[in-house]
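As a plain string of letters, each chain reads:
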Amino acid sequence: MKIYFQILFLSSLIINCSSTDSGIGDPVETKPPVENNYSNVDYYLTKADQSELFQLHENSLLKYSSNINFSIQVNSNITYQEMDGFGFALTGGSALHINNMGTSQRAELLNELFDTKRAGISYLRISVGASDLDIEPFSYDDLPIGQTEDLNLNHFSIAKDQEHLIPILKEILAINPNIKILSSPWSAPSWMKTSNSTIGGSLMPEYYSVYANYFVKYIKAYEAEGIPIDAITVQNEPHHDSNNPSMRMEANEMANFVKNHLGPVFVAENIQTKIIVWDHNADNVDYPISIFNDADANKYIDGSAFHLYGGTIDNLNTVHNAHPNKNLYFTEQWVGVNSDFDDNLKWHTRELIIGATRNWCKNVLEWNLVSNSQLKPHTPGGCTQCLGGLTIDGNTEKKNVGYYIIAHASKFVRPGSKRIASNYSTDLPNVAFKTPTGQIVVIVLNNTSVDISFNILGTDEQITASLSSGAVATYVWD
C-alpha cells in the first residue's frame, strides 16, 4: 500500500508540472512574438549580368539596425529643381518602326512605354524636319527646282511628319496627355544657309526673320494636330556641322537670332513654347553663359541643354551657378551597338540619371527610342551605330540597356517631383526625389567591382540593402 501511495504522489506531481507547462493550471511565462525585421519598402533591380532586369522586389529589405555600412542620408526638407521627366528622342525612324507594327502589337508596346503605371516615359524629343535618323534629310520648306527662296514660306508643309511621327505622337498623347515634347532642328532649309546644303553651313542673316517665322509655323501646325510643343532648342549640336543634316551656329549668332527675331516673334504670336539654347556638349559652358549674359537675349530664354560626348557632367553646375534662374536640360546621349550592357548601365546611370539630375537638369533623354536590328533608317552620313532603347523588327521587339536606364527613373520620378538632398559616394552614386504624391524615391548604383551592403537613412522607414557589382536599384517609400 505504501508503494501505491508513493506512485500516486509522483504521478500527481508529473501531471501538475505537465499541466502548468501546457498552459493548464498556473500561468507560465510565454515567448514574445517574433519581430518582423523586414520593411515595407519596395525596390526595382537591374543587375549588370542581366539576370534581373527591372525586377520588382517587395518587402524584402531589412529594417535598419546599427551597423558599420556606409549610409545614404536623405533629407526631404532640402529641395532642388523640379523634374519635367525622363525619356527618349522619338526620331522619324523610331516612329516608322512603331507605326509599321500591327495595331494590337503597337498599342501594347505604347502602353508599356508610356502608361504611367508601367514604364511611364514622360518626356520626348523630336526633330524639326529630319534628324540623321530619318530615311533622308528634309526640311518643311524644301524648294522646287529653279526656286531659290521662299520668303513667305508658301511651300511650308509638315506632310512628311504626318506619315509616321504625328500618328504615333497622337497615340502616345491618348495614353499620357501630359507628356512633354521638346523639338530640335538639325538644320534650317538649305536655301537659307551659306552651304546651300543639308550639311554644315550657317544661317544667312538675311533669313533670320524668315527662319523665326518657320518656327512659328511649325509650332502652330503641330498645335493644329493637337500636339503641344513644350520647348524648342534653337539648334541641335551647333558645333557639329558635319552630320547630315547639320548647321553651324556660333554663340553670338544664336544670341542675335533669339533677341532680334525668334523671341520677339514668339511674343507677337503669343507662342508659349520655351526657348532653350546650346543643346550640345558639356565641354563648352561659355557658349550658353555668354548668351545669358546678353540681357536682351536672356529675357526670352528658359535655359540651356546639354549632351555628354565631351566634358564632364559637373560642368553643368557652373552654368547653374552663373545663372541660377535658368533651367538646365539633358537632351541626348546615345548607346553604341557594340558596347557592353554592363558598361552602359553603369556609365549612363552614374553620369545621366544620377549625375545630370544632381547637376540641376530637369530631364534626362536618351538617343534614341527605336531602331531595327540593322540600325536603320539613317540619312547618308547619319549615325550607323546608334542602338535604340528598343530594337523592333516587324512585330518583334527587344528591350535594350537604354530602356532599363530610363525606366529606373521614369516609372517613379513623375513630372513635378523635386530632387531632394542625399550625400554622394563614388562607390554608391545616388540621387533622391520626392514625388507630387509624397513618395520618396532613391536611385542607387553600385559603382564598384564588389558587392556592397549599405543603409538608406532619413526616411520614414530606414533600411539596410545590398547591391551586386554594377547593379542599379530604385527604392520607393510610399
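Look a little higher up for the structure.
For every chain, the first residue of its written sequence is number 1, and the numbers climb from 1 along that sequence. The predicted origin of the model limits local features to residues at a pLDDT of at least 70 and limits the giving and counting of side-chain atom pairs to 80 or more, whereas totals for whole chains, interfaces and linings rest on all residues. Excluded from the side-chain calculations are hydrogens and water; all other atoms, namely the structure's heavy atoms, are used.

A. Spotlight on the sheet that holds strand E16 (residues 390-393). At least two DSSP bridges between two strands are required for those strands to pair. Going along the chain from the N terminus, every DSSP run of H or I of four or more residues is numbered as a helix, and every run of E of two or more is numbered as a strand. Across the sheet, three strands lie side by side as E14-E16-E17; this open sheet has mixed pairing. With one partner strand each, in any of the chains shown, strand E14 (370-371) and strand E17 (396-399) form the two edges of the open sheet.

B. Examining the packing of helix H3 (residues 103-114) against helix H4 (residues 165-175) more closely. All axes here are fitted lines through C-alpha atoms, helices being fitted over the stretch that makes contact, and every angle between N-to-C directions spans 0 to 180 degrees. Relative to each other, H3 and H4 sit at 55 degrees, their axes nearing to 10 Å. In terms of their interaxial angle, H3 and H4 are classed as oblique. As H3 runs across H4, the sense of the crossing is right-handed. Between H3, through Arg106, Leu110, Asn111 and Phe114, and H4, the contact on the second element is made entirely by Ile168, Glu171, Ile172 and Ile175. Roughly parallel means an angle under 35 degrees; roughly antiparallel means over 145; roughly perpendicular covers 65 to 115; every other angle is labelled oblique. Should the near helix be turned anticlockwise from the far one by less than a right angle, the crossing is termed left-handed; should it be turned clockwise, right-handed. The contact criterion used throughout is that any non-hydrogen atoms of two residues lie within 4.5 Å.

C. A look at a negative patch on the surface. In this scheme, patches are assembled from residues that exceed 30% relative accessible area and form no salt bridge. Like charges are connected within 9 Å, while nonpolar side chains (Val, Leu, Ile, Met, Phe, Trp, Tyr) are connected within 5 Å. For accessible areas, the Shrake-Rupley method is used with a probe of radius 1.4 Å. Any residue's cover is judged against the shown protein chains and nothing else. Any carboxyl oxygen of Asp or Glu that lies within 4 Å of a side-chain nitrogen of Lys or Arg is treated as forming a salt bridge with it. In this tally Asp and Glu are treated as negative and Lys and Arg as positive; neither His nor the chain ends contributes. In plain terms, the charge of a residue is placed at NZ if it is Lys, CZ if Arg, CG if Asp and CD if Glu. A cluster of acidic residues, Asp49, Asp340, Asp342 and Asp343, forms a negative patch at the surface. With respect to the secondary-structure elements, aspartate 49 resides in the loop between strand E1 (42-46) and strand E2 (55-57).

D. Summary view of the state of the cysteines. Cysteine sulfur pairs qualify as disulfides if the two atoms are within 2.5 Å. All chains considered together, the criterion is met by one disulfide. Here cysteine 383 is linked by a disulfide to cysteine 386, with a sulfur-sulfur distance of 2.1 Å. In this structure, the disulfide formed by cysteine 383 and cysteine 386 twists by about 105 degrees around the S-S bond and is classed as right-handed. By relative accessible area, cysteine 386 is classed as buried at 5%. Per-residue accessibility, obtained with a 1.4 Å probe over protein chains only, is compared with the maximum for each type, and a residue is labelled buried under 20%, exposed over 50%, and partly exposed between these values.

E. Structural detail: the packing of aromatic side chains. Ring pairs shown here join Phe, Tyr and Trp side chains whose ring centres sit within 6.5 Å, with only the six-membered ring taken for Trp; geometry is labelled stacked below 30 degrees between planes, edge-to-face above 60, and tilted in between. The final tally for this structure, using the stated rule, is 22 aromatic pairs. Look at tyrosine 211 and phenylalanine 215: their rings are 4.9 Å apart centre to centre, the planes differ by 65 degrees, and that puts the pair in the edge-to-face class. Remark: phenylalanine 215 and tyrosine 211 occur in helix H5 (residues 208-224); sequence separation between them is four residues, near one turn of the helix. Classification of phenylalanine 215 by relative accessible area gives buried; the value is 0%. Note on tryptophan 278 and tyrosine 287: the rings are 4.2 Å apart at their centroids and 35 degrees apart in plane angle, and the pair reads as tilted. You'll find tryptophan 278 and tyrosine 287 in the same group, each marked buried. Each residue in the set Phe138, Tyr140, Phe156, Tyr208, Tyr211, Tyr214, Phe215, Tyr218, Tyr222 and Phe257 is aromatic and connected to the rest through ring pairs, giving one cluster.

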